[in-house]
Amino acid sequence: MTTEIKIQQARADMSGETRRRVFSGIQPSGDVQLGNYLGAIKGWADRQAEKENFFCIVDLHALTTPQDPDELRHQTRSLAAMLFAAGLDPDKSTIFIQSHVTAHAEGCWLLNCVTPVGWLERMTQFKEKADNQERVSTGLLDYPVLMAGDIILYDAHEVPVGEDQRQHVELARDIAQRFNRIYGDTFVVPEAVIPEIGGRVMGLNDPSVKMSKSFSHIRGHAVRLLDEPDEIDRSIKRAVTDNENEIRFSDDPERAGVNNLLGIYKVITDKTEAEVESDFADARGYGDLKKRVAEVVIEALTPIRERYNRLMGDVEELDRLLERGADQARAVADPKLDEVKHRMGLILPGRKG
Ligand code: AQP
């Protein structure tokens, strides 16, 4: 960076002109569920005007577990439509498919070469997912390095994710710092931004496990964003609670079901804990709680489902929006990848140094 640019940058920073850069991703690995929405997508959409945003449909990550090829193509477009329907605006955010920007896969290889394998073997999500599979792919182990590359190739400052991704963002920090130490200052060291409530929406059928796309086919586990109102109503009415009758926030694991329902209500209505508890002061029991939670969820998801259906009716327009996003993403990721290659000693085609 020249001195002139550094001065301009410092001025812009002082006047607050530069916006923090945000990167996050979501896998097209199943039906988007309420946890994905409340823990990640809703926050991305609510804050997109304040930041410079990159949101990525991480189809390469989805390949780490077995996928039907036609189904994966459908899920990828469907997820794109869902993100636009949930409020991501292509004029405020860059929304793109990971495999359309080849710098992600190349960056992963380069970062693999500075990442000790022991760091990956320690990842909780790897251990959990590996336990559930007969044959574990190298990709499943390597997933966090690809994710680190996704983030640091954009010099992202912030990574808004649900609690389950905290460890992977920590790893991205470690990899960025290690690279900077070995090859000189190259990457911004990113930070995870995790919502206090909503960061971990739990399964309705079992509030001791997180709500997950992979389990969304299990009856009563999740609210899927495309569920019809009566289905949402049924899932929430079947939610596991406890034998008490007290509607208040609590960190007692025995009361995790009620806490989960109150958390969902709180994030959707954007109220404080005190306001939420006062909303339920006149409730006559968990039946009332479930009824009102179902109402606010249905009210929030109905317009998203309607917009989604319209977008899926015009696949050409959807693909056009995704191409535009990929062009914008390449303009940032490709020069960064060149810088990384150069620092590591690779010859860039057409460059003398
Ligand atoms: N239950 C949850 N509560 C809060 N946030 C959640 N997220 C996922 N589940 C919850 C957040 O959603 C974003 C996208 O997730 P992902 O597609 O990268 O995969 P994931 O974290 O593994 O989510 P799933 O739904 O559990 O998918 P599968 O079953 O395919 O693994 C992330 O920011 C995540 O934190």
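Residues numbered from 1 in each chain as written. Predicted model: local features only at pLDDT ≥ 70, side-chain atom pairs only at ≥ 80, totals over all residues. Heavy atoms only, no water.

S.K.: Hey, could you run me through the pairing of strand β3 (residues 93-97) in this one?
M.R.: The side chains of a regular strand alternate between the sheet's two faces. Here β3 lies mainly inside the structure; five of its five residues are buried. Side chains of β3 alternate between two faces, with Ser-93, Ile-95 and Ile-97 and Thr-94 and Phe-96 buried alike. Direction of pairing for strand β2 (residues 52-57) relative to β3: parallel, over a ladder of five bridges. Of the residues in β3, the one forming a bridge with Phe-55 is Ile-95. (Buried < 20%, exposed > 50% of the residue type's maximum accessible area, 1.4 Å probe, protein only. Helix = DSSP H or I, 4+ residues; strand = E, 2+ residues; numbered from the N terminus. Pairing = 2+ DSSP bridges.)

S.K.: Please clarify how unusual backbone geometry should be interpreted in this entry.
M.R.: As a rule of thumb, non-glycine residues mostly have phi less than zero, and peptide bonds are mostly trans rather than cis. For Asp-155, which is not glycine, the phi dihedral falls at a positive 50 degrees. Summarising the element assignment, Asp-155 is placed in the loop between α8 (138-152) and β4 (158-160). Asp-155 sits in the buried class, given a relative accessible area of 18%. In this structure, Asp-270 takes a positive phi of about 60 degrees despite not being glycine. Accessibility expressed as a relative area gives 66% for Asp-270, which makes it exposed.

S.K.: Is there a simple way to explain the packing of aromatic side chains in this structure?
M.R.: Aromatic ring pairs are defined here through the distance separating the ring centres and the angle between the ring planes. In the structure shown here, the tally under the stated rule is seven aromatic pairs. When the ring of Trp-44 is compared with that of Phe-55, the centres are 4.6 Å apart and the planes differ by 10 degrees; the resulting orientation is stacked. Taken together, the residues Trp-44 in helix α2 (residues 34-47) and Phe-55 in strand β2 connect sequence positions 11 residues apart. Considered together, Trp-44 and Phe-55 belong to a single accessibility category, that of buried residues. Taking the centre distance of 4.9 Å and the plane angle of 40 degrees together, the rings of Phe-54 and Tyr-154 count as tilted. Taken together, the residues span a long stretch of sequence, with Phe-54 in strand β2 and Tyr-154 in the loop between α8 and β4 at a distance of 100 residues. With relative accessibility at 0%, the residue Tyr-154 sits in the buried group. (Phe/Tyr/Trp six-rings, centres within 6.5 Å; stacked < 30°, edge-to-face > 60°.)

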